[in-house]
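What the coordinates show
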Amino acid sequence: MTKNYSIAKSRRLRSTPYTSRIEKQGVTAYTVYNHMLLPAAFGSVEDSYHHLKKDVQVWDVAAERQVEISGKDSAKLVQLMTCRDLSKSKVGRCYYCPIIDENGNLVNDPVILKLNDDRWWISIADSDVIFFAKGLAAGNNFDVKITEPNVDIIAIQGPKSFNLMEKVFGKKILDLKFFGFDYFDFKGIRHLIARSGWSKQGGFEVYVENTQSGLNLYDHLFEVGEEFNVKPGCPNLIERIESGLLSYGNDFDNNDNPFECGFEKYVNLESDITFLGKDKLKMLKSNGISKRLMGVQIDKENISLSSSVEIMNDNNDIIGDLRSACYSPHFKKVIGIAMINEPNCKTSTKGTIKINDKSYSVSVCELPFI
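Residues numbered from 1 in each chain as written. Predicted model: local features only at pLDDT ≥ 70, side-chain atom pairs only at ≥ 80, totals over all residues. Heavy atoms only, no water.

Digging into the overall build of the protein chain
- Helices and strands together make up the secondary structure of the protein chain, namely 8 helices and 21 strands.
- Against the compact-globule benchmark of 21 Å for 370 residues, the protein chain has a radius of gyration of 21 Å, which places it among compact chains.
- Across its three principal directions, the C-alpha atoms of the protein chain cover 65 × 50 × 40 Å.
- Here the protein chain holds 370 residues, and the buried ones make up 54% of them.
- Within the protein chain, contacts between residues at least 6 apart in sequence are counted, and of these 65% link residues at least 24 apart.
- Here the protein chain has roughly 17,400 Å² of accessible surface; of this, 47% comes from carbon and sulfur atoms.
- When the 46 positive and 48 negative side-chain charges of the protein chain are each reduced to one mean point, those points stand 2 Å apart. (Helix = DSSP H or I, 4+ residues; strand = E, 2+ residues; numbered from the N terminus. Rg over C-alpha atoms; globule rule 2.2 N^0.38 Å. Buried < 20%, exposed > 50% of the residue type's maximum accessible area, 1.4 Å probe, protein only. Contact = heavy atoms within 4.5 Å. Areas by Shrake-Rupley, 256 points an atom, 1.4 Å probe, with all protein chains shown as cover. Lys, Arg positive; Asp, Glu negative; His and termini not counted. Charge placed at Lys NZ, Arg CZ, Asp CG, Glu CD.)

Written out as structure tokens, the structure reads:
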């Protein structure tokens with residue numbers, strides 16, 4: 001049985017404005033994300049999974065930090081960091097943008113919000129993008145200001161999130177298109193709200209800049225959300241793996257490139273934009289990749305993964321490594337995300353993994369599972 005250890009809080013490991021609330025609401029596990037506490041469970045992950053797919057949850061995802069880039073050269077710097085062409089980007093839209101280094105390898109996979117032509121928020125996954133941005137700005141002598149603004153996100157996720165948000169903000173909130181954002185009033189305070197979130201169940205993210213108003217909103221969502229069976233929640237491991245939502249640091253990292261991770265549609269090599277690692281990505285595209293993220297199904301009823309596990313073939317050769325996994329109630333077996341080596345990136349591939357000296361059969365499949 002896995003032993004659990006508590007996390008020692010400190011100034012270095014920051015709490016969020018909502019930490020005291022979620023602790024009263026029964027958070028049972030934390031992880032660390034961008035040097036902050038991120039709730040990882042409220043009791044059973046499987047119960048939370050079923051609830052998320054049916055009702056509505058409010059998540060403390062303040063650990064999803066913003067890197068704000070503003071100033072005359074802000075668009076140049078933002079474009080230099082990502083392989084996605086942002087030359088026609090619009091104010092009021094969110095863009096999923098892989099950030100890459102000079103070798104074409106991934107640094108982060110954030111959502112970038114265009115607030116205006118010379119002000120951007122990079123809503124980051126779990127890596128220190130702010131220092132990467134500062135280094136590039138200094139090296140290129142760009143006229144920019146780079147900060148981490150005081151923004152603490154609340155996510156409202158699940159099929160009934162639309163009912164709950166309409167009740168709080170009115171019908172206008174339903175006009176938001178996916179990955180669009182606008183400003184909405186809550187008791188006299190303006191909040192930036194995007195139709196986005198780290199689940200495939202639909203929902204919104206509130207980019208809270210006024211902390212007290214954010215706390216009032218957090219409480220209000222629970223006060224008025226009873227009829228929709230609202231509960232506290234957090235990004236759900238089962239739902240995100242079934243949906244093929246990738247996690248930087250878990251499924252891929254700075255040793256992997258966008259082509260290996262299925263991000264081809266966000267790599268714009270033909271346009272005349274300038275970004276880091278462009279020539280390297282052209283070469284990678286021309287030569288082809290040697291590995292790719294795939295789904296796997298494992299004939300096992302539970303798993304607790306804290307590091308990669310090698311996948312072997314019948315000849316005992318390594319054909320890949322399992323990077324994330326969970327038991328799926330939908331498939332009634334363990335499913336996972338694995339980096340598979342060519343020529344094994346096909347759905348007919350079979351292999352085995354060894355966990356606690358026992359072998360289990362593995363079948364490779366496409367992503368997403370659902």
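There is more to say, and it comes next.
What about the state of the cysteines?
- Applying the stated rule across the entire model yields 0 disulfides.
- Unpaired in terms of disulfides, Cys94 finds its nearest cysteine sulfur in Cys97, a separation of 10 Å.
- When its relative accessible area of 3% is taken as the criterion, Cys94 is described as buried.
- Here Cys365 is not disulfide-linked; the sulfur of Cys326 is the nearest cysteine sulfur, at 12 Å. (Disulfide = S-S within 2.5 Å.)

Things to note about the packing of aromatic side chains
- Inspection of the entire model under this criterion finds 13 aromatic pairs.
- Ring centres 5.3 Å apart and planes at 85° place the aromatic pair Tyr248 and Phe252 in the edge-to-face group.
- Look at Phe331 and Phe369: their rings are 6.0 Å apart centre to centre, the planes differ by 65°, and that puts the pair in the edge-to-face class. Of this pair, Phe331 sits in the loop between strand S18 (318-328) and strand S19 (333-341) while Phe369 is found in the segment after strand S21 (358-365), placing the two residues 38 residues apart along the sequence.
- Here Phe369 falls in the buried class, since its relative accessible area comes to 13%. (Phe/Tyr/Trp six-rings, centres within 6.5 Å; stacked < 30°, edge-to-face > 60°.)

Section: the side chain of Asn108
- With respect to the helices and strands, Asn108 occurs in strand S7 (residues 106-108).
- Here Ser127 takes part through its side chain, which lies 2.7 Å from a polar atom of the side chain of Asn108. (Polar contact = N/O pair within 3.5 Å; in protein donor to acceptor, adjacent residues only side chain to side chain.)

Some points on the packing of helix H5 (residues 161-169) against helix H6 (residues 211-224)
- Their axes nearest at 10 Å, the elements H5 and H6 cross at an angle of 115°. Accordingly, the angle class assigned to the pair H5 and H6 is roughly perpendicular. The way H5 lies across H6 gives a crossing that is right-handed. Contacts from Leu164, Met165, Lys167, Val168 and Phe169 of H5 reach H6 at Leu217, His220, Leu221 and Val224.
- Of the residues contributing to the contact of H5 with H6, the split by class is 7 nonpolar, 1 polar and 1 charged. (Axes fitted to C-alpha atoms, helices over the stretch in contact; angles between N-to-C directions. Parallel < 35°, antiparallel > 145°, perpendicular 65-115°, else oblique. Left-handed = near helix turned anticlockwise from the far one by under 90°. Nonpolar A, V, L, I, M, F, W, Y, C, P; charged D, E, K, R; others polar.)

A look at the environment of Thr28
- Structurally, Thr28 can be placed in the loop between helix H1 (19-24) and strand S1 (29-33).
- The spacing of Thr28 and Ala41 is 13 residues in sequence and 5.5 Å in space, taken between C-alpha atoms.
- When neighbours within four sequence positions are excluded, Thr28 is seen to be in contact with Ala41, Phe42 and Gly43.
- A polar contact of 2.9 Å, which involves the side chain of Thr28, links it to the backbone nitrogen of Gly43.

Considering the sheet that holds S18
- Ordered in space as S16-S19-S18-S17-S20-S21, the 6 strands form a closed barrel in which the pairing is antiparallel. The mean angle between the axes of side-by-side strands here comes to 40°, regardless of whether they run parallel or antiparallel.
- Two elements, S18 and S19, share 8 bridges in a ladder whose sense is antiparallel. Across the sheet, the residue bridging to Ser328 is Lys333, located in S19. (Pairing = 2+ DSSP bridges.)

Quick notes on the pattern of salt bridges
- With the rule as written, the count across this model stands at 21 salt bridges.
- Note that Lys291 is salt-bridged to Glu260, the shortest N-O span being 3.8 Å. Of this pair, Lys291 sits in strand S16 (residues 291-298) while Glu260 sits in the loop between helix H7 (237-242) and helix H8 (278-287), and the two are 31 residues apart along the sequence.
- For Lys291, a relative accessible area of 17% translates into the label buried. (Salt bridge = Lys/Arg side-chain N within 4 Å of Asp/Glu carboxyl O.)

Focus on the environment of Lys177
- Position of Lys177 among the secondary structure elements: in the loop between H5 and strand S12 (181-186).
- According to the relative accessible area criterion, Lys177 is exposed, its value standing at 62%.
- For the pair Lys177 and Arg195, spaced 18 residues apart in the sequence, the C-alpha separation amounts to 6.7 Å.
- Sequence-distant contacts of Lys177, defined by excluding residues within four places in its chain, comprise Arg93 and Arg195.

Thoughts on the packing of helix H3 (residues 74-81) against helix H4 (residues 129-140)
- Following both chains from N to C, one finds H3 and H4 inclined at 120°, their axes separated by 10 Å at the closest point. With respect to each other, H3 and H4 are oriented oblique. In terms of crossing hand, the pair formed by H3 and H4 is right-handed. Residues Leu77, Leu80 and Met81 of H3 touch H4, and the partners they reach there are Val129, Phe132, Ala133, Leu136, Ala137 and Asn140.
- Partitioned by chemical class, the residues of the contact of H3 with H4 number 8 nonpolar, 1 polar and no charged.

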